[in-house]
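If you want the building blocks of each chain, they are given just below.
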Amino acid sequence: MHPKPRHRVLDVILQINPLVLATGRTKYQVVFQEFSQKFAQRLWLPVYGALQIRIMQTLSLKRAAAVAAHPSSLKLNKRLARISILILSFTLSVALFAWTKQHDRHAQRSWLSGLLHRAKYGGERETPFYPHDTTTSFSPVSFPADQIENLSTKDMCASFPHYLIREHIQPVLKMGHGENRDMINAQLNSVSACFHPDELLIFSDLPETLPNGHQAVDILHNLPQRYRMINDTPEAQPEPDFAAYEAMHDLFRAGNLTAENNPTMKNKRTGWRLDKYKFLAQVERAWTERKNKDWYFFYESDTFVSWDNVFRFLSTLDPNKALYMGSPSPGRRDPKTDEETWFANGGPGYVLSRGAMRVLFEKRPSSRETGVWTEEPFLLKYINVVRTDPCGDAILGWVLWLVGIRLSGFFPSFNTYALHSLPYTQRLWCQSFLTMHKLSPKEMVRLWRWEYGNRKLGRPLMYADLFESFFLPEIEEADSRNNWDNTNWDRLARGSDVYVDSVEECREACEKKTSCLQYHWNGKQARKCVLMPFLTLGRAKDPETVVKKEGGEERFVYTSGWIKPRIKSWAKEHPCAIPDWLSPSTERHY
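Parameters and conventions
Residues numbered from 1 in each chain as written. Predicted model: local features only at pLDDT ≥ 70, side-chain atom pairs only at ≥ 80, totals over all residues. Heavy atoms only, no water. UniProt positions renumbered as here; feature names shortened; annotations may be inferred. Helix = DSSP H or I, 4+ residues; strand = E, 2+ residues; numbered from the N terminus. Core = buried A, V, L, I, M, F, W, Y, C linked by side-chain atoms within 4.5 Å. Buried < 20%, exposed > 50% of the residue type's maximum accessible area, 1.4 Å probe, protein only. Contact = heavy atoms within 4.5 Å. Axes fitted to C-alpha atoms, helices over the stretch in contact; angles between N-to-C directions. Parallel < 35°, antiparallel > 145°, perpendicular 65-115°, else oblique. Nonpolar A, V, L, I, M, F, W, Y, C, P; charged D, E, K, R; others polar. Pairing = 2+ DSSP bridges. Phe/Tyr/Trp six-rings, centres within 6.5 Å; stacked < 30°, edge-to-face > 60°. Lys NZ or Arg CZ within 6 Å of the ring centre and 35° of its normal. 1 Å grid on protein atoms, 1.4 Å probe; cavity = no way out; pocket = protein on both sides within 12 Å on 5 of 7 lines; lining within 4 Å. Points joined across faces, edges and corners; volume = space filled by probe spheres on them. Salt bridge = Lys/Arg side-chain N within 4 Å of Asp/Glu carboxyl O. Polar contact = N/O pair within 3.5 Å; in protein donor to acceptor, adjacent residues only side chain to side chain. pLDDT = per-residue confidence, 0-100.

For the chain, an unreviewed UniProt entry supplies the name N-acetylgalactosaminide beta-1,3-galactosyltransferase and the organism Podospora pseudoanserina. UniProt annotates the chain under Pathway (unreviewed entry) with the comment "Protein modification; protein glycosylation." The UniProt entry for the chain carries the following text under Sequence similarities (unreviewed entry): "Belongs to the glycosyltransferase 31 family. Beta3-Gal-T subfamily."

Caption draft 1: Geometry of the UniProt feature "domain: Apple" (unreviewed entry) in the chain. Following the UniProt record, the feature "domain: Apple" (unreviewed entry) maps to residues 497-533 here. The span residues 497-533 is 27% helical and 32% strand by assignment, and the distance between its end C-alpha atoms comes to 12 Å.

Caption draft 2: Molecular detail of the nonpolar core. Grouped together as the largest cluster of nonpolar side chains are 80 residues, with contacts concentrated most on W307, L466 and F471. Ranked by residue count, the leading element in this core is helix α22 (residues 463-475), at eight residues. Apart from the residues lying within four places of it in its own chain, the contact partners of F471 are Y424, L466, Q518, L535, T536, L537, W562 and I567. Counting residues in each nonpolar core, the second largest holds 48 residues, with Y296, F343, A356 and L380 among its members.

Caption draft 3: The packing of helix α15 (residues 278-289) against helix α17 (residues 354-361), seen in detail. Direction vectors running N to C along α15 and α17 enclose 105°, while the axes themselves pass 11 Å from each other. With respect to α17, the element α15 is oriented roughly perpendicular. Between α15, through V283, E284 and W287, and α17, the contact on the second element is made entirely by R354, M357, R358, L360 and F361. Taken together, the residues that form the contact of α15 with α17 break down as five nonpolar, no polar and three charged.

Caption draft 4: Spotlight on the sheet that holds strand β18 (residues 528-532). Strand order across the open sheet formed by five strands is β14-β22-β17-β18-β16, with antiparallel pairing between neighbours. Only two strands of the sheet have a single neighbouring strand rather than two, namely β14 (480-482) and β16 (496-499). Strand-to-strand twist across the sheet, computed as the mean angle between neighbouring axes with direction ignored, equals 20°. Both β16 and β18 contribute to a ladder of four bridges, which runs antiparallel. In the sheet register, D497 faces β18, and the bridge partner there is V530. Packing of helix α23 (residues 503-512) onto the sheet brings it into contact with β16, β17 (518-521), β18 and β22 (559-562), and relative to β17 it is tilted by some 150°.

Caption draft 5: Spotlight on the packing of α15 against helix α20 (residues 392-402). Between α15 and α20, the least distance of the axes is 8 Å, while the angle of their chain directions is 55°. When the axes of α15 and α20 are compared, the pair comes out oblique. Together, F279, L280 and V283 of α15 and G392, D393, I395, L396 and V399 of α20 make up the contact between the two elements.

Caption draft 6: Broad picture of the packing of aromatic side chains. In this structure the tally under the stated criterion is 32 aromatic pairs. Ring geometry for Y424 against W429: centres 6.4 Å apart, planes inclined by 85°, an arrangement best described as edge-to-face. Judged by relative accessible area, W429 falls into the buried class, the value being 4%. If you follow R455 out to its NZ or CZ, it ends over the ring of F138, 3.7 Å from the centre. R455 extends its terminal NZ or CZ atom over the ring of Y452, reaching a point 4.1 Å from the ring centre.

Caption draft 7: Quick look at the environment of G355. By the secondary structure assignment, G355 is in helix α17. In this structure the C-alpha to C-alpha distance between G355 and A322, which are 33 residues apart in sequence, comes to 4.2 Å. Dropping the residues within four chain positions of it, G355 is found in contact with P319, N320, K321 and A322.

Caption draft 8: Representation of the layout of surface pockets in the model. By volume, the largest pocket is sized at about 960 Å³. Taken together, 29 residues line the largest pocket, and the ones lying closest to its centre are E179, W272, D275, E300 and D302. Within the residue set of the lining of the largest pocket, elements represented by two or more residues are α13 (263-266), α14 (268-275), α15 and α20. If one sorts the elements of the lining of the largest pocket by residue count, α14 sits on top with four residues. Residues that form the lining of the largest pocket fall into these classes: seven nonpolar, 11 polar and 11 charged.

Caption draft 9: Expanded view of the sheet that holds strand β3 (residues 201-204). Reading across from one edge, β4-β5-β3-β2-β6-β11-β8-β12 is the order of the eight strands in this open sheet, with mixed pairing throughout. The open sheet has two edge strands with one neighbour each: β4 (208-209) and β12 (407-409).

Caption draft 10: Highlighting the pattern of salt bridges. Going through the model one piece at a time under the given rule, you end up with 26 salt bridges. As a salt-bridge pair, D479 and K564 come within 3.1 Å of each other at their nearest N and O atoms. Residue D479 is found in the loop between α22 and β14, and its partner K564 is found in helix α24 (residues 564-572); the two are separated by 85 residues along the sequence. The network of salt bridges with common partners includes K174, D205, D275, K278 and E300.

Caption draft 11: Up close: the side chain of D294. Inspection of the secondary structure assignment puts D294 in the loop between α15 and β6 (295-300). For D294, a relative accessible area of 15% gives the class buried. Reaching out from D294, the side chain makes a polar contact with the side chain of R354 at a distance of 2.5 Å.

Caption draft 12: The confidence of the model for the chain, seen in detail. Summary statistics for the chain give a mean pLDDT of 83 and a share of 78% for residues scoring 70 or more. Low pLDDT, under 50, characterises residues 1-53; the predicted model gives this stretch 78 contacts beyond four residues in sequence or across chains.

Caption draft 13: Looking closely at the pairing of strand β20 (residues 544-547). As paired strands, β20 and strand β21 (residues 553-556) are joined by four bridges and run antiparallel to one another. Across the sheet, residue T545 finds its bridge partner in β21, namely R555. The loop that links β20 with its antiparallel partner β21 comprises five residues; one of these, G551, has a positive phi angle of about 105°.

Caption draft 14: Broad picture of the environment of T136. Along the chain, T136 turns up in the loop between β1 (129-130) and α9 (153-157). Sequence-distant contacts of T136, defined by excluding residues within four places in its chain, comprise V141, D308, R312, R455, K456 and L457. Side-chain polar atoms of T136 contact the side chain of D308, separated by 2.7 Å.

Listed below in structure tokens is the structure:
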């Protein structure tokens, strides 16, 4: 196909005005008209704005017939139009530059950033970001950072916006009695610390009283009896997944349950197998107990949640739409359509809107004459899905797919990484973080307190803020660390391997490769040097001896280093003037 012809006048515009040039090869008239209208309104240039729109309209091909009868005037009109547009483009560009220098760009993003994002990423397709002004709901916005360690949890929680929980958002924490108690306590004394007992739903596999007056509900207790059997035949055997559950409850009722004899603690896989039965049950129970909330936010004991960022994020969305949001993981293939499906990874948390809950629970058909339900109850309707899939988050994602609700992927806002393993790149930089997964108890409490001392009124906290506070200070002391592993694999910024005889040679290899920001050396025996174009802090790791598949042993040591001048230059070259609110995509994933 031949490219679509363009007006000569517009070619001149594209040459002189870089903003228009960035919008791509089509739809430039629409973008430029939008720019003129908004710019004129904000900068008190109604005459120039109206003139520009009028000029663009006169260039329409539809008017070609009208001027055909006067060819001599057509040439003059084109010349006048070109001159007018050149002058106007230059004037608007200079005014825009001066204006953005004198005003807070965060306060202007509701209209300006939308245009800039369209210009940057092209007007032909949906941009990966969408513009939105947000503000915090916390009061005060934050506490002095140098005093945050001395504040009590009660003092910090006094700023929490409880009205959002009472009226709009239902937090749901899933846990297991056999989980690490330090992790559960860290969760309840940080991320979940500010919820009143009647605000937070906690679903587990054993009823118990938890810190701060919270009550855990045994979500498995009332599962239909058919769940306790491996199938529905008369000769069906008991489901072995529930053997440990029953044994735990026998010990609990007798008053003899301890950490040492708890079958779900002695074998972690036992607790994991039970976990899959909680997902559908907790979603149904949350809707039944707290019906018609705008949003239902599900998370786990090792999930860090930035509630301020979550509140901002949800404020940009319509809860009456059937939305299912989280970090995408590939699910089963639909045999009817041959489509690949996606589900939200349970660890980083996920969100269901009121609209999605209504589709799940308020569309059940009944007999017109008798009013009797003509469809099985929710949990029985999907019992075979539960029996045949080992992962609860995948089960939920498939059930939502079956009722027509597709996952809206919001990685890296819902993040599968822990704080120490974040791979800082452009896709983990100016974006807000909503959650992180697999934090240690110490990391969770530290990050929660940091957030209360660093919140902003006009923008969410971003990955670049974490970089400034948690990454840069750690590498200031030394260029490298022994017994330290900073390797992590970002799917879109993979490292490369070379083989050298010393850590000094590894560093030299990194310095020679312009994209390399940090390196890792595995010792003299392995000789592997990993060159990385992303930034990860990592954590301590002792040397180890590994048995090789082909026989023999190999000794690994872990030495990590960072090219600090290059790192600081990279960060300086990537300022975050405007936070990037991500548009949903399953192409963006862990």
